[in-house]
Amino acid sequence: MINFSDLTFIFRFLPVFILAFYLTPIRFRTVTLLLGSLLFYAVGDLKMFPVLLGGVCINYLFGRALRGGGSKILLGFAILLDVLMLVEFKLLGQFVDSSLMPIGVSFFTFKMISYQVDNYRGEIPEKAGFLDIAAYFCMFPQIVSGPIMRFEDYAKNSALSISVSEKEPSEEILDLDTDEGMEKLQNKSLFLENIEDGLRFFVLGLGMKVLIADHLAMLWRDIGTIGYESISTPLAWIGAVTYSLELYFDFWGYSLMAAGVGVMLGFPFIVNFDQPYESKNVSEFYRRWHASLGAWFRDYIYFPMGGSRKGTARTVINLFTVWLITGFWHGVTLNFILWGMLILVIILCERFVLTKFPSTVSAILGRINVLVLIPLTWVVFAIPDSRMLLDYFKRLFPFWGEGISVNHTDYIKNLGIYGVVLFFGLVLLLPQLYRFFEKHRKNVVFTILLLILFWACVYSLSNAAGNPFLYFKF
């Protein structure tokens with residue numbers, strides 16, 4: 001049930017929860033959200049459920065002591081505890097038992113850290129109580145794989161009593177602190193529009209996950225079954241593109257589904273992917289890819305360390321720190337650290353070398369970095385075994401004369417099987433398609449197409465084992 005593409009979640013948990021949420025009076029909806037989220041997490045990871053509860057309680061107590069100021073030492077201690085919790089369970093999950101790493105620990109820990117910092121800065125509403133903060137940490141649309149919502153966005157939900165959202169001057173302002181204001185809001189049909197609009201994003205994300213990412217995953221697994229040392233060079237490059245697209249549509253699909261569920265519940269739509277392959281360089285790519293995580297690193301690590309305001313050497317150190325942590329955040333194996341360092345090198349080259357070239361040349365090289373180097377770095381990201389990773393790159397660049405492909409036409413067979421999925425994956429990279437959907441998604445034609453897409457996904461899911469989202473393990 002913890003997998004959004006699980007039929008139990010789609011047909012049981014989600015509709016029952018949505019119904020219960022909106023039948024609950026506004027002043028008690030935070031309780032409904034919290035209890036539903038705790039149930040969701042407990043079903044998915046009961047063994048590590050106490051870790052989540054402990055983290056919530058400890059961070060709330062520190063938050064009370066830090067509200068609107070307090071000691072920087074106390075703030076540092078609270079952040080240190082959260083970091084140690086994350087590091088400890090990452091190490092336990094990697095080197096002892098994978099079941100010892102709580103599901104979504106990276107995401108709810110980062111939420112807790114951002115809450116402590118924002119609370120210290122006085123950016124958390126005074127009326128936010130334990131239930132509000134606990135529901136923010138645990139809310140089920142985001143607890144497993146993000147996106148990393150800030151508390152200020154959580155508080156914009158007009159369907160909750162914590163709401164501090166600002167309405168446009170032309171709109172009726174409802175006083176949610178009065179029974180009359182709550183009753184008026186309760187009777188509005190806005191929640192029906194939220195549910196309908198959220199479903200649109202949810203179904204689109206489900207289609208990306210089930211019909212594209214899951215089928216591309218089969219091709220990537222088939223390449224691994226052949227053996228990286230035995231595949232042809234064309235198939236190796238197809239594999240690099242395949243994994244890049246699989247990861248993209250898997251996580252973009254999840255992000256759309258998570259944001260869609262949030263919209264159903266009255267939360268603002270959180271943009272976690274903003275057409276990253278449209279980027280002009282790798283720096284821009286990672287501002288658009290997993291945008292909420294990138295913004296978190298920027299606001300809570302890079303800027304507090306001085307960002308790029310304290311000279312070249314300090315900028316390099318700050319970027320090194322961010323990308324080292326980013327690599328470790330994804331996993332403690334060598335390939336994740338190597339991946340982070342490769343991205344760092346590319347960004348430093350773009351920042352300090354490409355800028356010296358004529359603008360046209362730097363623009364071309366920046367696009368090459370995005371469209372060629374990014375897929376190659378995803379290969380490093382995907383393969384934890386160093387020997388197997390070396391074998392794969394030998395097939396990508398067969399200049400050493402080592403190894404031969406078992407079948408030099410293997411790529412033709414695989415293109416025959418998976419070519420259609422690869423084609424649609426590449427076409428959907430065009431940013432104009434998604435922007436057209438965003439603009440016209442409420443059109444009746446799109447509604448019919450999404451309905452067909454939904455049942456196509458259900459049919460596919462009912463005939464195959466569920467494939468968890470890739471980011472579940474982070």
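Worth saying up front: this structure is predicted, and the values here are computed from it rather than measured.

### Comments concerning the side chain of Asn119
- You can see Asn119 is positioned in helix α5 (residues 105-120).
- Beyond its immediate chain neighbours, meaning those up to four positions away, Asn119 contacts Gly63, Leu66, Arg67, Gly68, Gly69 and Ile124.

### Considerations on the pattern of salt bridges
- Inspection of every chain in the model, using the stated rule, returns 13 salt bridges.
- Between Arg200 and Glu196 there is a salt bridge; the shortest N-O distance is 2.8 Å. With Arg200 and Glu196 both in helix α10 (residues 190-226) and four residues apart, this pair spans about one turn of that helix.
- Here Glu278 ties to Arg435 by a salt bridge, and the two come within 2.6 Å at their closest N and O atoms. Within this pair, whereas Glu278 is found in the loop between α11 (233-264) and α12 (282-288), its partner Arg435 is found in helix α19 (residues 431-440), the two being separated by 157 residues in sequence.

### Some words on helix α13 (residues 291-302)
- For α13, the buried fraction is high: ten of the twelve residues fall into the buried class.
- Considered for burial, the residues of α13 that qualify are Ala291, Ser292, Leu293, Ala295, Trp296, Phe297, Asp299, Tyr300, Ile301 and Tyr302.
- Contacts from the buried residues of α13 go to α5, α12, α14 (312-330) and α15 (334-352).

### Notes on the packing of α11 against helix α18 (residues 410-427)
- Interaxial distance between α11 and α18 falls to 11 Å at its minimum, and their mutual angle equals 30°. Here α11 lies roughly parallel to α18, going by the angle between them. The element α11 and its partner α18 pack so that their crossing is left-handed. Judged by residue contacts, Pro234, Leu235, Ile238, Val241, Thr242, Leu245 and Phe249 of α11 engage Asp410, Tyr411, Asn414, Leu415, Leu422, Gly425 and Leu426 from α18.
- Residues that form the contact of α11 with α18 fall into these classes: ten nonpolar, three polar and one charged.

### Some words on the packing of aromatic side chains
- Applying the stated criterion across every chain, the model contains 70 aromatic pairs.
- Sitting above the plane of the Phe21 ring, Arg29 keeps its charged end 5.6 Å from the centroid.
- It is Lys90 that lies over the ring of Trp329; its NZ or CZ is 5.8 Å from the centre.

### Describing a nonpolar patch on the surface
- A grouping of Val353, Phe357, Val361, Ile364, Leu365, Ile368, Leu371 and Val372 is seen on the molecular surface, where their side chains present a nonpolar patch of about 610 Å² in accessible area.
- With respect to the helices and strands, the residue Val353 is situated in the loop between α15 and α16 (359-382).

### As for the packing of helix α1 (residues 7-23) against α10
- As a packed pair, α1 and α10 sit with axes 13 Å apart at the nearest point and diverge in direction by 160°. Taken together, the axis directions place α1 and α10 in an arrangement best described as roughly antiparallel. Considering how the two elements wind past one another, α1 and α10 form a crossing that is right-handed. Across the interface between the two elements, Phe9, Ile10, Leu14, Ile18 and Tyr22 of α1 pack against Phe191, Asn194, Ile195, Phe202 and Leu206 of α10.
- Counted by class, the contact of α1 with α10 contains nine nonpolar, one polar and no charged residues.

### Side note on the environment of Ser99
- Looking at where Ser99 falls in the secondary structure, it is placed in the loop between α4 (72-95) and α5.
- For the pair Ser99 and Leu342, spaced 243 residues apart in sequence, the C-alpha to C-alpha distance is 30 Å.
- Sequence-distant contacts of Ser99, defined by excluding residues within four places in its chain, comprise Lys47 and Met48.
- A polar atom in the side chain of Ser99 sits 3.2 Å from the side chain of Lys47.

### Describing the confidence of the model for the chain
- Per-chain confidence: the chain averages 89 in pLDDT, with 91% of residues scoring 70 or above.
- Between residues 164-176, whose pLDDT stays under 50, and residues either more than four places distant or in other chains, the model counts 22 contacts.

### Looking at the side chain of Lys111
- Tracing the backbone through its elements, the reader meets Lys111 in helix α5.
- Leaving out residues up to four positions away in the same chain, Lys111 has contacts with Tyr136, Phe137, Met139, Gln142, Ile148 and Met149.

The rules behind each value
Residues numbered from 1 in each chain as written. Predicted model: local features only at pLDDT ≥ 70, side-chain atom pairs only at ≥ 80, totals over all residues. Heavy atoms only, no water. Helix = DSSP H or I, 4+ residues; strand = E, 2+ residues; numbered from the N terminus. Contact = heavy atoms within 4.5 Å. Salt bridge = Lys/Arg side-chain N within 4 Å of Asp/Glu carboxyl O. Buried < 20%, exposed > 50% of the residue type's maximum accessible area, 1.4 Å probe, protein only. Axes fitted to C-alpha atoms, helices over the stretch in contact; angles between N-to-C directions. Parallel < 35°, antiparallel > 145°, perpendicular 65-115°, else oblique. Left-handed = near helix turned anticlockwise from the far one by under 90°. Nonpolar A, V, L, I, M, F, W, Y, C, P; charged D, E, K, R; others polar. Phe/Tyr/Trp six-rings, centres within 6.5 Å; stacked < 30°, edge-to-face > 60°. Lys NZ or Arg CZ within 6 Å of the ring centre and 35° of its normal. Patch = residues over 30% accessible without salt bridge, like charges linked within 9 Å, V, L, I, M, F, W, Y side chains within 5 Å. Areas by Shrake-Rupley, 256 points an atom, 1.4 Å probe, with all protein chains shown as cover. Polar contact = N/O pair within 3.5 Å; in protein donor to acceptor, adjacent residues only side chain to side chain. pLDDT = per-residue confidence, 0-100.

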